[in-house]
Structures are given as structure tokens and as C-alpha cells.
Amino acid sequence: RPKYMKNDSVSQWTIDWCKIRNKRTWYQASTTSTNQIAKEQGTTFDVYLTDHQSQGRGRKNSEWLDVAGGSSLLSSWTFKLSKPPQPIASPLFGLAVFTSLKTVWPNLPFSLKAPNDVYLGDKKIAGILLEVVSTGSEHLMILGLGLNVFASPESLPHATYLSTMGVLVTNTDWQRFLDVLQTYFTEMANLSMHQEMPSGLCEQIKTALNHFPLKKAYVDKVEANGHIVTEVSSTPWL
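About the criteria used
Residues numbered from 1 in each chain as written. Predicted model: local features only at pLDDT ≥ 70, side-chain atom pairs only at ≥ 80, totals over all residues. Heavy atoms only, no water. Pairing = 2+ DSSP bridges. Helix = DSSP H or I, 4+ residues; strand = E, 2+ residues; numbered from the N terminus. Phe/Tyr/Trp six-rings, centres within 6.5 Å; stacked < 30°, edge-to-face > 60°. Buried < 20%, exposed > 50% of the residue type's maximum accessible area, 1.4 Å probe, protein only. Expected span 1.5 Å × (residues − 1). Contact = heavy atoms within 4.5 Å. Axes fitted to C-alpha atoms, helices over the stretch in contact; angles between N-to-C directions.

A. Molecular detail of the pairing of strand β8 (residues 219-222). In this sheet, strand β9 (residues 228-230) lies alongside β8 in antiparallel orientation, the contact comprising three bridges. Bridged to valine 222 within β9 is isoleucine 228. In this antiparallel pair of consecutive strands, β8 and β9, the connection spans five residues, and glycine 226 shows a positive phi of 95°.

If you want it as C-alpha cells, here you go:
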């Protein structure tokens, strides 16, 4: 069986999972940006999905390119918070994605690259974009997650995808991945309202950063506020 068949749609797999988990789901085959739609819709839906984004964005308005046709997870996840999320939210959710991938595919060389990328080997496989919409005492955190599963844009030689390393990604694997991801997302959303991270998570983030094969320096410590400490510098995560 080939690694990717026409009926293997990441969006459809995710929609099926959302139905089982009672997630309110928005889906269109093509849209501008799921984060933008989520900002416009507010708390109407829990998960926003598409097969193609014409205006996909990364951090600082950088462009996120995709391969249309359901070969990637192009999504936004919404969390209603009682307090605005703090700067530690970015490393926390990066760790959530990294750990979820590592849990289901433990033999693959995943790593974190601050501030918002997940790598497979020396190439990018996922990107995260966190945005917040606050109205009075209500705070909506929107987590944009793009994850290449069956393909990545040929125009981006630094990008890769999950099944490129001989891995047969099945619907069963994907459902398990989403289950793990949801558990971590729930935990991290709650922690994101605090000023500091637990020491155990700081150690896990440090390990994930040091797995990155293209790092410029070994990370000696990740501080509770998210600062990355090396032998020569202490840098805020963002």
C-alpha cells in the first residue's frame, strides 16, 4: 500500500475525530487563513480546518505555504481563558506538539526550534501561530497549527513531511495523535495563564531544543519565564 492514497485526507480524519470528541468544527476546502476565520467567528467553533490556505501566515506575517488536497493539517484551535495568556504559552504549546508527535512516532527525530517551529531531522515539519482576541474580561486564545503529513511544498527545500521517512501514517495513528494532542493542549492552555512554567516542563523543553540538529549553541537551561540560556546568552523565547 502506498504511503498516501487519495482517500487519506488529513482534514477528513480530523473531522471524524472531532465528531467523536464532540468538538464544534468549522471546515471549508479552501479559505484565507484558519486563524483569521477563528478571529472573526470567536468562540463559535473549537477547531477550524481547511485543505488549503490562500493567505496562510506564520510569525510576524511570514507566509505559510501548503500543498492543497488534504495532505496536511491546516488548523486553528480555540481556547476561552479567564486571564490573558502569558509569554510562556509559546514554548508550552511547542512542547505539546513535539511531545504528541514523539509519543505516537517515537523513533522519528523530532525537535523544537524556538520560537514556533517543529522539525523532523534538519527540516521543518510544523509551525505554530498563537494569537489572542480580548474583549473585556474574556480572552480567546487561537492556536494555529500547520503540520505536513503526506506532502510538503516542493518550493520549500527546508520543509518536510511525516511520511517521508518510510512511515506509514494511518487513520488509527492519527486518531491517537489527536487524542494525545488534545490532552496536552488542555493542560497547556491552563498553564499559559501563569507567569512561570513548572521546572519539569522547562527540562522537557530544553531537551527538545537540544535535539535540533542545526542549533547554534547547546541550551544549558530553559528558565521558568521561557528564557533560553546558553553558555554565551540568555534570550527571551519570542
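That was the structure; now back to the text.
B. Region of the structure containing the packing of aromatic side chains. Under the definition given, this model contains eleven aromatic pairs. Where tryptophan 105 meets phenylalanine 177, the ring centres are 5.8 Å apart and the plane angle is 45°; that geometry is what we call tilted. Remark: phenylalanine 177 occurs in helix α4 (residues 171-191) and tryptophan 105 occurs in the loop between α3 (89-104) and β4 (110-113); sequence separation between them is 72 residues. Phenylalanine 177 carries the same exposure label as tryptophan 105, and that label is buried. Here the aromatic rings of tryptophan 174 and phenylalanine 177 are separated by 5.0 Å at their centres, their planes lie at 40°, and the arrangement is tilted. With tryptophan 174 and phenylalanine 177 both in helix α4 and three residues apart, the pair spans about one turn of that helix.

C. Local environment of α4. The end-to-end C-alpha distance of α4 is 30 Å, a good match for the 30 Å that 21 residues give at a rise of 1.5 Å each. Where α4 is concerned, the buried positions are Trp174, Gln175, Phe177, Leu178, Val180, Leu181, Phe185, Met188, Ala189 and Leu191. Packing partners of the buried residues in α4 comprise α1 (10-20), β3 (72-81), α3, β7 (138-148) and α5 (199-210).

D. Spatial organisation of the sheet that holds strand β6 (residues 123-135). Spatially, seven strands are ordered β1-β2-β3-β7-β6-β5-β4 in an open sheet, and the strand pairing comes out mixed. Bordering the open sheet on either side are β1 (25-31) and β4, each of which pairs with just one other strand. Between one strand axis and the next, the sheet turns by 20° as a mean value, whatever way the strands run. Strand contacts of α3: β3, β4, β5 (117-120), β6 and β7, with the helix running at about 170° to β4, the strand carrying the most contacts. Contacting β3 and β7, α4 crosses the sheet at an angle of about 30° to β3.

Read these as geometric descriptors, not functional statements.
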